[in-house]
Every structure is written in structure tokens, then in C-alpha cells.
Amino acid sequence: MKLSIVILNYKVPHHLMLCLDSVTKAIEHLDAEIIVVDNKSEDESCEFVKTFFPNIILISNTENLGFSKGNNIGVKQAKGEYLCILNPDTVLPEDCFTELLAFHKELQNPGAIGIQLIDGSGEFLKESKRNVPTPKVALMKLLGNCTQYYNLELNQNEKGKTDILVGAFMFMKTSLYRQVNGFDEDYFMYGEDIDLSYRILKAGFQNYYFGEIQAVHFKGESTTKDQVYLNRFFNAMYIFYKKHFKNYKTSFKLVKQILKLTKTIEEIRLKSLKAIDTSKRNTLIITEDSCFTRQIKSKRAYEVNCANKIPKEFTDTFIVFDAEFISYKDSIETLINNKLKNNIFRYRPSKQNFIIGSESKHFKGEILKLNE
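### Description of the pattern of salt bridges
And then number 1: Within the structure shown, the criterion is met by eleven salt bridges.
And then number 2: Among the ionic pairs, Lys-40 bridges to Glu-42, the shortest N-O distance being 3.8 Å.
And then number 3: On the basis of relative accessible area, Glu-42 is assigned to the exposed category, the value being 65%.
And then number 4: The partner of Asp-322 in a salt bridge is Arg-348, and the shortest N-O contact between them spans 3.2 Å. Of this pair, Asp-322 sits in strand E12 (residues 317-322) while Arg-348 is found in strand E13 (residues 344-348), placing the two residues 26 residues apart along the sequence. The two residues Asp-322 and Arg-348 agree in class, both being buried.
And then number 5: Counted as one network, the salt bridges with shared partners bring together Lys-2, Glu-81 and Lys-173.

### Quick notes on the side chain of Arg-348
And then number 1: Under the relative-accessibility criterion, Arg-348 is labelled buried at 13%.
And then number 2: For Arg-348, the side chain forms a polar contact with the main-chain oxygen of Gln-352, separated by 3.0 Å.

### Description of the packing of helix H1 (residues 13-26) against helix H2 (residues 45-52)
And then number 1: Interhelical geometry of H1 versus H2 gives an angle of 30° and a closest axis separation of 9 Å. One element, H1, and the other, H2, form an angle in the roughly parallel class. Handedness of the crossing formed by H1 with H2: right-handed. Contact with H1, carried on its side by Pro-13, His-14, Leu-16, Met-17 and Leu-20, involves Ser-45, Phe-48, Val-49 and Phe-52 of H2 and no other residues of that element.
And then number 2: Considering only residue class, the contact of H1 with H2 consists of seven nonpolar, two polar and no charged.

### A short note on helix H4 (residues 96-106)
And then number 1: Where H4 is concerned, the buried positions are Cys-96, Phe-97, Leu-100, Leu-101, Phe-103 and His-104. Projected onto a plane normal to the axis of H4, the buried residues spread over an arc of 165° and lie on a single side. Opposite the buried face of H4, at more than 90 degrees from it, the exposed residues are Lys-105 and Glu-106.

### A closer look at the layout of surface pockets
And then number 1: For the second largest pocket, the calculated volume is near 200 Å³.
And then number 2: What lines the second largest pocket is Met-17, Asp-21, Thr-24, Lys-25, Phe-52, Phe-53, Pro-349, Ser-350, Lys-351 and Gln-352.
And then number 3: Tallying contributions element by element places H1 first for the lining of the second largest pocket, with four residues.
And then number 4: Residue composition of the lining of the second largest pocket, grouped by class: four nonpolar, three polar and three charged.

Criteria and thresholds
Residues numbered from 1 in each chain as written. Predicted model: local features only at pLDDT ≥ 70, side-chain atom pairs only at ≥ 80, totals over all residues. Heavy atoms only, no water. Salt bridge = Lys/Arg side-chain N within 4 Å of Asp/Glu carboxyl O. Buried < 20%, exposed > 50% of the residue type's maximum accessible area, 1.4 Å probe, protein only. Helix = DSSP H or I, 4+ residues; strand = E, 2+ residues; numbered from the N terminus. Polar contact = N/O pair within 3.5 Å; in protein donor to acceptor, adjacent residues only side chain to side chain. Axes fitted to C-alpha atoms, helices over the stretch in contact; angles between N-to-C directions. Parallel < 35°, antiparallel > 145°, perpendicular 65-115°, else oblique. Left-handed = near helix turned anticlockwise from the far one by under 90°. Contact = heavy atoms within 4.5 Å. Nonpolar A, V, L, I, M, F, W, Y, C, P; charged D, E, K, R; others polar. Arc of directions from axis to C-beta. 1 Å grid on protein atoms, 1.4 Å probe; cavity = no way out; pocket = protein on both sides within 12 Å on 5 of 7 lines; lining within 4 Å. Points joined across faces, edges and corners; volume = space filled by probe spheres on them.

Written out as C-alpha cells, the structure is:
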């Protein structure tokens, strides 16, 4: 088998359906398998997978084992020569894996490969390509200087070497993942992607960023930005520095102190954020299903049957991509090209009766169920 895709799910059943719809189309012509590991979501997630994707391998954990352990369980079942660790709140273009497989063959001593991730509003997520966050680099970032934290030498649309990738999408040889013992299970959630990327480098391999592939990551959908999130995130950073930079005692103490201050500031900032009101916008639906159009409540509704027919004057518009009639690749390109027009974007996965999406990395996305 050529490829295994491992998706760890926790309480995001509708995002999982969108993700799986895009992934199944991306592996349509490949010898590949999809493994979904559910961390005891206790919602419709497992039933949705059994109903709509019966050929997918589903592992239902009896407890929430965290990101690292959950993914490691999935990889143990993987039969593919290549492996992709993927978040359930992602949307991939149809040519994603064929392009990655070809790119991997061009490389010498490749480690893991990441791609260009954008959020639900079309904004580039800078964590797609990062440098090693030494205590000095982390200290500068916490003080507001990110020039050394993110890999700014590479343009977001370019491809090239980078040190640290994001766990929402990591592509590599399955043998490499196993060689470095996968994700460190000391991390429950957060920090494990930095740790794995760094261990791959220390094992003598080179990580890469492939910016020519663009995918959506509804950042924050798998977690709620609350006190639990903040504790887990900052505790993960403690683990990373104690493990890899314990000799940097002075720098580590400074980082630890500033992490505490940053955590307090982040708590205050998150409380002040407000979601965008989408109810008063015009609606543009990219579909061929007029029944679907009538179910969307809006001030005015328009309908076109391909992405390149979106009128240039459309701004402040609620745009819905119907995956039955528009490719995910085209939808992602449309999202990026229209990001500066204050538009809001949603997806309707194939054969599903809901639309979903998020224009903010700070909030859970909106799910609008349609009449059957």
C-alpha cells in the first residue's frame, strides 16, 4: 500500500465529515487507506463514519488519550509506505497527495513535509513553517519579535527546507515515523509537533515545506480556547524546554516567567473576542441545486455553478461551496483570492445536509443544518 492517512478525532463530527470528503477525493486514484481514531468523543462522530464512510478503518478509544497517544495508536495499524498525520478540521485539494509523493521523490534525505495551511478566512497560517524555538527564539517571540520564530526566508508559496512543521498536516515515510518513535506521549496536546519535527532533525533528516499545495485548517476547531487549552499549551512548552534545552538554565527561567505572563494576557484577550454576525449578509452559493439555495436564510441569495463566475464586486458576502459541484482545490483558490473582500466562506460536504466553516481561528466554526 502506498499511503496511510491517520486522523485523530475528538468531538468534531461535522468537520470530520468535511475532512473525509476531501481526503477520499484526494486518494481516489491512489492505493491508500484512511484510519480514523476517535478519542471517546461521545457524539455522532463514530456513527457518521460508519454510515457515510464504511470502508474507513475506525478505532474507537474508550477514553480521551490525547493527541500523541491517539495518533500513535492509529499509526500502529498503518500499512502504507507513506504516512500523513492529519487534523479532522482540515480541507485538502484533490491533487494534494499525488503532488506530495512526486515532491518526496525529488528530495535527498527527506524527513517530514508540511504544506501551506490557511484558516477559514483565507489567511496564511505562519506556523506552517517555523524555525527551532530555542529559548532565545521563544523569548523574542513572547516579547513580540517573531522574525526568528517563523521561517521567513521561504515565501508562503515556495518550497524548501524548514525545521518545524505543524501537527495539523505532517507527511513522511511511515518507517521514519516509527524510527523516531512517533509522537512523544509525554505531551497530551500541543507541542508534540515541535518535538517530533525537532527529533527528526536530530536523527539526521531534513524537514521540508511545500507551499505550492494549499489546504484549509479551521484552526481551533478541535479545541476550545479556554482555561484547559491554555494550561495544556503552556505546559507543553515547559515539557519541550525541559527535554531539549535543560542546559539553558538562565534562558529557560526567563521563558518560564514570560510564559506565565503571556498566559495571563492571553486569557484576557480571549475573553474580549467576539464572533462575527453572519446573518445580515448577502449569500452566494456555488452549486447547481436550487433546492439547496432556498434553504439558506439570507437577505438576498445568488447562485452560480462554478467558482470563476463569482462577480468581482461581491464583498461582505456569505459564500457557500457545495462540494458536489465544485472541487476542493477550486474552492480553496477562491477563498484565497477573495480573502480581502470581507467575505465569509462555508462548505457543504458531498451528500451532507449541513454547511460548515469558520472565519476566525479563535472560535468554533458555525454549523448550519439544512432541511432534508
